Amino acid sequence: MYSTCHFKAMLAYFLISVKGSIKKGGAVTITKNIRMLCKKQGISVSDLERTLGFGNGLIGKWEHSSPSISRLKSVANYFGVSIDALISEGDNDIELKGE
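Counting of residues starts from 1 at the beginning of each chain's written sequence and follows it residue by residue. Residues qualify for local features only when their pLDDT is at least 70, as the model is predicted, and side-chain atom pairs are given and counted only at 80 or more; totals for whole chains, interfaces and linings, by contrast, use all residues. The side-chain quantities take in all heavy atoms of the structure and omit both hydrogens and water.

A separate point is the pattern of salt bridges. Here, a salt bridge means any Lys or Arg side-chain nitrogen found within 4 Å of an Asp or Glu carboxyl oxygen. Applying the stated criterion to the full structure yields two salt bridges. A salt bridge links E63 to R35; the shortest N-O distance between them is 2.9 Å. You can see E63 sitting in the loop between α4 (58–61) and α5 (69–79) and its partner R35 sitting in helix α2 (residues 26–41), a full 28 residues away along the chain. Think of it in three bands: with a 1.4 Å probe and only protein chains considered, a residue is buried below 20% of the maximum accessible area for its type, exposed above 50%, and partly exposed in between. With a relative accessible area of 39%, R35 lands in the partly exposed category. One salt bridge in this structure joins R50 and D47, with 2.5 Å as the shortest N-O distance. Helix numbering and strand numbering both begin at the N terminus, where a helix is a DSSP run of H or I of at least 4 residues and a strand a DSSP run of E of at least 2.

In this model, the protein carries an average pLDDT of 79, and 63% of its residues clear a pLDDT of 70 or more. Within a predicted model, pLDDT stands for the predictor's per-residue confidence, ranging from 0 to 100. Of all the helices and strands in the protein, helix α1 (residues 4–23) carries the lowest mean pLDDT, 56, while helix α3 (residues 45–52) carries the highest, 97.

Put into C-alpha cells, the structure is as follows:
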C-alpha cells in the first residue's frame, strides 16, 4: 500500500503529466489509446462507458477537454493498465492484463 506522502507525490506528477500531455494534443492520444484497448478487448467505447457508468459520448469529449483523474483511473483499472499507459504517446502497444 502506498503512504499518503507517496500517493500525493504520484498525484502531483500525474497532474503535471496530464496537463502537459493535453496541451500537446495528448487528449487525442488518450482517446486513441482507449479506442485501441477497447478494440483489443472486443468491446465498443460505448460499451465501456456504460460499464463504467459514464455518460454516453464522454470519452470522445476527452479529445477537447481534460478527463478527471477518477475517470482515467476507472478506465485504467478496467483494462488493468496504468494511467501513464493511457496518456502515453508513441507507437507502443499497451498490453492488457493477462496478455
